[in-house]
Amino acid sequence: MLTHPVLTQRFSPKRLISACLIGSALMAGNAVAETTINLGYNGAPDPDKNAVHVFATNLKELVEEKTDNQIQLELYPNSSLGEEQERMEQTMSTPMLNVASFAGVSPLVDEIFVSAIPFLFDDFAAARTFFDEGEYWQEVSAALKERAGIDMLTVVEEGGFLAFTNDEKPISHPDDFEGLRLRAMDPSQVALYEAFGASGTPIPWTETYMALRTGVADGQMNPPMYIILGSLYEVQDYLTLANIQYSNQFLVGNSEMIAGWDDELRDAFQEAVAEANQNAREHNEEQVDSRIAYLEEQGMEVIRPSEEELTAFREIGQPAYLEWLEERDIDQRWIDMALEDAGMSDLLD
């Protein structure tokens with residue numbers, strides 16, 4: 001399992017120096033009037049396509065309003081501060097905020113992969129309760145702070161549950177994956193693809209469109225929002241709504257920065273985070289059906305697996321994924337906590 005020093009060694013020294021220069025003037029630890037904090041995230045600054053951008057812009061407004069402009073946010077969309085691990089390095093080293101995916105958090109807290117067990121949640125409400133109230137997620141947050149000096153501030157929805165796309169054939173059953181090559185966000189997705197008979201290759205989000213266009217990969221897995229954001233409908237013919245995993249990212253921040261604020265400022269900031277996240281949840285849930293309809297309008301064939309076919313995905317995907325977690329030497333207590341929090345303790349029998 002990687003700890004803070006090991007992870008830092010894996011990153012570019014030039015990035016580390018650059019990141020330190022970005023915020024070195026702010027590291028005194030105490031908030032001052034009109035402190036500007038960088039917020040980096042993936043995807044274009046397009047409110048119609050990027051749910052994370054909608055969240056970020058709303059957060060900026062609320063933070064500045066509730067802190068009376070003592071904290072101002074500078075937004076950096078499109079991975080302009082670097083890819084996932086580079087931004088996490090900066091978050092460890094400098095006073096900044098970051099919306100990270102599993103690819104950014106998992107090198108620091110490998111146990112986060114437990115929250116991606118297939119079919120862990122039936123709907124949005126179940127997922128939100130899991131992350132807002134569950135013991136497992138509290139432990140993940142504590143581990144991130146202890147190992148990396150990063151606060152887990154909230155879980156940000158990307159706009160729906162994960163769906164499969166490809167340009168080879170309609171997929172409605174795990175057997176249909178045989179022989180396909182799929183883009184993966186991280187090792188957990190590779191493991192899932194392999195369980196279904198496909199192969200997976202980790203490819204950064206910024207390279208996904210070209211990989212699909214040139215045939216490096218036949219397909220990928222993302223919520224409808226990201227499929228629209230990346231214009232993947234231009235190079236993918238089939239959309240399978242298997243709803244296999246909840247689609248989320250994570251707002252994180254430098255722990256030293258947050259601890260350096262006085263109680264009033266910290267409370268105002270946290271209030272802004274909570275309100276922005278609630279607004280984002282309402283917006284995302286309202287957009288799910290319209291996003292799928294948009295992809296249909298762009299020519300994608302939408303496949304909605306039957307209950308029997310979804311059962312097949314579950315019966316193959318869950319055991320294979322749990323075995324993969326064990327192979328990563330993730331302590332069983334993390335899996336037990338997560339399954340208990342999700343009301344799925346029967347999988348422990």
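Please refer to the structure placed before this passage.
1. Some thoughts on the environment of serine 247
In step 1: Along the chain, serine 247 falls in strand 10 (residues 246-254).
In step 2: Sequence-wise, serine 247 and alanine 116 are 131 residues apart; in three dimensions their C-alpha atoms are separated by 9.0 Å.
In step 3: A polar atom in the side chain of serine 247 sits 2.4 Å from the side chain of glutamate 158.

2. Quick notes on the packing of aromatic side chains
In step 1: The tally for this structure, following the rule as stated, stands at 25 aromatic pairs.
In step 2: The interplanar angle of 65 degrees and the centroid separation of 5.0 Å between the aromatic rings of phenylalanine 121 and phenylalanine 130 together place this pair among those described as edge-to-face. The two residues phenylalanine 121 and phenylalanine 130 agree in class, both being buried.
In step 3: With a centroid separation of 5.5 Å and an interplanar angle of 65 degrees, the aromatic rings of phenylalanine 124 and phenylalanine 161 are classed as edge-to-face. With phenylalanine 124 in helix 6 (residues 124-133) and phenylalanine 161 in strand 4 (residues 150-161), the pair connects residues that are 37 residues apart, well separated along the chain.

3. Some details on the packing of helix 8 (residues 187-195) against helix 13 (residues 307-327)
In step 1: With their axes 9 Å apart at the nearest point, helix 8 and helix 13 run at an angle of 135 degrees to one another. As the angle between them shows, helix 8 and helix 13 are arranged oblique. You can see that helix 8 and helix 13 cross each other, and the crossing is right-handed. Across from Pro187, Ser188, Ala191, Leu192 and Ala195 in helix 8, the residues of helix 13 making contact are Ile316, Gly317, Ala320, Tyr321 and Trp324.
In step 2: Taken together, the residues of the contact of helix 8 with helix 13 sort by class into eight nonpolar, two polar and no charged.

4. With respect to the pattern of salt bridges
For side chains bearing opposite charge, pairing can occur when the charged atoms are close.
In step 1: All chains considered together, the criterion is met by 13 salt bridges.
In step 2: Across the salt bridge formed by arginine 128 and glutamate 157, the nearest N and O atoms sit 2.7 Å from each other. One end of the pair, arginine 128, is in helix 6; the other, glutamate 157, is in strand 4, with 29 residues separating them in the sequence.
In step 3: A residue is classified by how much of its surface remains accessible, and arginine 128, at 15% relative accessible area, is buried.
In step 4: The salt bridge involving glutamate 139 is made with arginine 333; its shortest N-O contact spans 3.9 Å. Within this pair, whereas glutamate 139 is found in helix 7 (residues 135-148), its partner arginine 333 is found in helix 14 (residues 332-341), the two being separated by 194 residues in sequence.
In step 5: Overall, glutamate 139 belongs to the partly exposed group, its relative accessible area being 29%.

5. Brief notes about unusual backbone geometry
In step 1: In this structure, phenylalanine 119 is a non-glycine residue whose phi angle is positive, near 55 degrees.
In step 2: When its relative accessible area of 8% is taken as the criterion, phenylalanine 119 is described as buried.

6. A look at the environment of alanine 320
In step 1: Here alanine 320 is to be found in helix 13.
In step 2: On a C-alpha basis, the gap between alanine 320 and alanine 191 in space is 7.7 Å, while along the polypeptide they are 129 residues apart.

Reading the values: the criteria
- For every chain, the first residue of the written sequence is number 1, and numbering continues from 1 onward in sequence order.
- Only residues with pLDDT of 70 or above have their local features reported here, since the model is predicted, and side-chain atom pairs are shown and tallied only from 80 upward, although totals for entire chains, interfaces and linings are computed over all residues.
- To get the side-chain values, all heavy atoms of the structure are used, and hydrogens and water are removed first.
- Every helix listed is a DSSP run of H or I at least four residues long, and every strand listed is a run of E at least two residues long, numbered separately from the N terminus.
- Contacts described as polar in this section are N or O atom pairs within 3.5 Å, which, within protein, must combine one atom able to donate a hydrogen with one able to accept it, while residues neighboring in sequence count only if both atoms come from side chains.
- Note on aromatic contacts: the rings of Phe and Tyr and the six-membered ring of Trp form a pair at centre separations within 6.5 Å, being stacked when their planes are under 30 degrees apart, edge-to-face when over 60 apart, and tilted otherwise.
- Note on classification: 1.4 Å probe, protein chains only; a residue is buried when its accessible area is under 20% of the maximum for its type, exposed when over 50%, partly exposed between these limits.
- Axis lines are fitted to C-alpha atoms, over the contacting stretch for helices. Their N-to-C directions set the angle, which ranges from 0 to 180 degrees.
- Relative orientations are named as follows: roughly parallel for angles under 35 degrees, roughly antiparallel for angles over 145 degrees, roughly perpendicular for angles from 65 to 115 degrees, and oblique for any other angle.
- Crossings are assigned a handedness: left-handed for a near helix turned anticlockwise from the far helix by less than a right angle, right-handed for a clockwise turn.
- Any two residues whose heavy atoms approach within 4.5 Å are treated as being in contact.
- Classes in brief: Ala, Val, Leu, Ile, Met, Phe, Trp, Tyr, Cys and Pro nonpolar; Asp, Glu, Lys and Arg charged; the others, Gly included, polar.
- Salt bridge, as used here: a side-chain nitrogen of Lys or Arg that lies within 4 Å of a carboxyl oxygen of Asp or Glu.

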